[in-house]
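Spelled out from the first residue to the last, the chains are:
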Amino acid sequence: MNNLQTQYSGGMGHIKGDFIFGSSLHSIVRIEVLGRNSNWYKILVNGKLYQSNLPVTVLPGDILLAKAINLNPIKLQLNDLHNAELDSDSLIYLLDKLNVEITDISLEIIKILLKIGKPVIKSSIENLIDLIEKKGKNAALSNLEFLIKLFSDSVNYSKVNENNIQYFQIPIEQLVQLIFSSFIKLISESHTADEINDLANIVVLNLDEEGGKMPTCEVNELLNWTKKNLGSKRNEISKLAAYIFSYLYQKMFFLKVGQSPEFFILKHNEKYQPVFYNLQSKKEDNGSRFLTGSYDLKSELSGPVHIDGIDSGNNININVSLNKQNQNYLVVQKKLKKDLVRKTSLNVNVNLSEKSSAGYAKIKDFHSINRIN
Amino acid sequence: MTTENKYEVIMPEDETITEVTDFYKDYVDMFFKLNFVFMQVIEFILKNKLNNEE
């Protein structure tokens, strides 16, 4: 039996081994899990026996697909199997490789798994089909991509049941919109309730106040506010608390799979704007973990701005792409560097660039900020 | 339950509130630093534009 080595790369699963594999480059291979001994799995790869420590959670009997991204030494990739849109014949071929019944739902699931780059595992697809049946086909299919992001991982799937499935009827982005709409209704009243001012202290970044403090957006503060106000006599306040509770409930599931949805509310000139982005934990090839996220800021104040961030533990790298502007980039970049140093005391690298007409960033300069002790 | 924008408002049971409270009680937010920097960058960008307007 040949040994395979397993590694993660940028959050993607790979299987690696030093042998010539009887398959063509970039072809999709079938992996069948025969058994598990400690961290090692006994597997069949296109019918040939190997052992490997797979980077996904599977049980004996499960089947998954992988892409051969290198043949000598062999390297198999478990996710991002296909970048382009696949036709239904190709999807049927892949489902057939997995021994999954071909239905409208299974075709839709595998299409989305491939689109968002998730591993394609038979048990995950079957779990998702089961979930859709529990949830009601029509309701589930309208939010299928959201459900797949959250429940294609077996850790989360094992925790979902008929009692809590109702919390996933609204995708988290839409939940943030509902929280925002309800908040706006309440904060705009002529006499804003104390409860809403308390909530504003947790979630609002107020640009109208010079030197105003950052919102904490701390989950336990938000949870305490929610618990206090779920039973409010005012229907709109209890409804807002219920939306925030659903948000925190969903966030708990996202955190279990290494993702952290974040939201806060911007205030400027008495106008409000919701901000929502998703941060993720990923692994390097060497197993070390890093955090990453991006956000497209759309504001009348700024125009479109793209922000990317990576926290590698020792330092944070920030890339900001702006539309062409009148100001000198170097001046703005220096100001941003100075601002971050003063406010965070972190080891941060900043890269400010101009978006080209094609939407790609042109690097103008690169500045490093040293840690302040 | 009421209906708002086609979505149901879910009033959680005590058991669910306890589940969420227990989860977040011991939660260490490893995303805190990156999130804080994101907020600072967004604030800076918008304030910088503000300064231009003035």
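Procedures and definitions
Residue numbers here run from 1 along each chain, matching the order of that chain's written sequence. The naming scheme follows written order: chains are lettered A onward, ligands numbered 1 onward. Reporting in this predicted model follows two pLDDT cut-offs: at least 70 for local features of residues, and 80 or more for side-chain atom pairs to be given and counted; totals over whole chains, interfaces and linings ignore these cut-offs and use all residues. Secondary structure elements are defined from DSSP: runs of H or I of at least 4 residues count as helices, runs of E of at least 2 residues count as strands, and each element is numbered from the N terminus. Every C-beta atom is placed from the backbone, and the number of other C-beta atoms within 10 Å of a residue's own sets its class: buried at 20 or more, exposed at 12 or fewer, partly exposed in between. Distance between backbone-placed C-beta atoms decides contact: two residues are in contact if it is within 7 Å. Defined on buried residues, the nonpolar core groups Ala, Val, Leu, Ile, Met, Phe, Trp, Tyr and Cys residues joined through C-beta atoms within 7 Å. In this count, Pro and Cys sit with the nonpolar residues alongside Ala, Val, Leu, Ile, Met, Phe, Trp and Tyr, while Asp, Glu, Lys and Arg are called charged and the others, Gly among them, polar.

Brief notes about the overall build of chain A
Here is step 1 of the chain: Check the secondary structure of chain A and you find eleven helices and 17 strands.
Here is step 2 of the chain: Residue burial in chain A is summarised as follows: out of 373 residues, 33% are buried.
Here is step 3 of the chain: A separation of at least 24 residues holds for 55% of the contacts in chain A among residues at least 6 apart in sequence.

A few points about the overall build of chain B
Here is step 1 of the chain: Along chain B, the regular secondary structure elements total two helices and two strands.
Here is step 2 of the chain: Ordering the α and β elements of chain B from the N terminus gives β-β-α-α.
Here is step 3 of the chain: Each of the 54 residues in chain B was classed as buried or not, and the buried ones make up 24%.

Here's the deal with the nonpolar core
Across soluble globular proteins, nonpolar side chains show a tendency to be buried alongside one another.
Here is step 1 of the chain: Core analysis: the biggest nonpolar cluster contains 97 residues, and A:Leu64, A:Val120, A:Ile179, A:Ile244 and A:Leu248 have the highest contact counts within it.
Here is step 2 of the chain: Setting aside residues up to four positions removed in sequence, A:Val120 forms contacts with A:Leu64, A:Leu65, A:Leu81, A:Leu94, A:Ile110, A:Leu113 and A:Leu114.

Description of unusual backbone geometry
Residue and element names in this part refer to chain A.
Here is step 1 of the chain: Phi at Asn-46 is positive, roughly 50 degrees, even though this residue is not glycine.
Here is step 2 of the chain: The topology assignment puts Asn-46 in the loop between β5 (40-45) and β6 (48-52).
Here is step 3 of the chain: The exposure class of Asn-46 is partly exposed, given the 16 C-beta atoms found within 10 Å.
Here is step 4 of the chain: Even without being glycine, Asn-99 reaches a positive phi, approximately 60 degrees.
Here is step 5 of the chain: Mapped onto the elements of the fold, Asn-99 is located in the loop between α1 (88-97) and α2 (104-115).

What to know about the interface of chain A and chain B
Reports often express the size of an interface as the amount of accessible area lost when the parts come together.
Here is step 1 of the chain: Taken together, the contact pairs 52 residues of chain A with 36 residues of chain B.
Here is step 2 of the chain: Sorting the residues of the side of chain A that touches chain B by element identifies α9 (219-229), α10 (235-256), β10 (259-268), β11 (271-283), β12 (289-297), β13 (305-311), β14 (316-322) and α11 (329-344) of chain A as the ones contributing at least two each.
Here is step 3 of the chain: Class assignment of the residues belonging to the side of chain A that touches chain B gives a composition of 32 nonpolar, 13 polar and seven charged.

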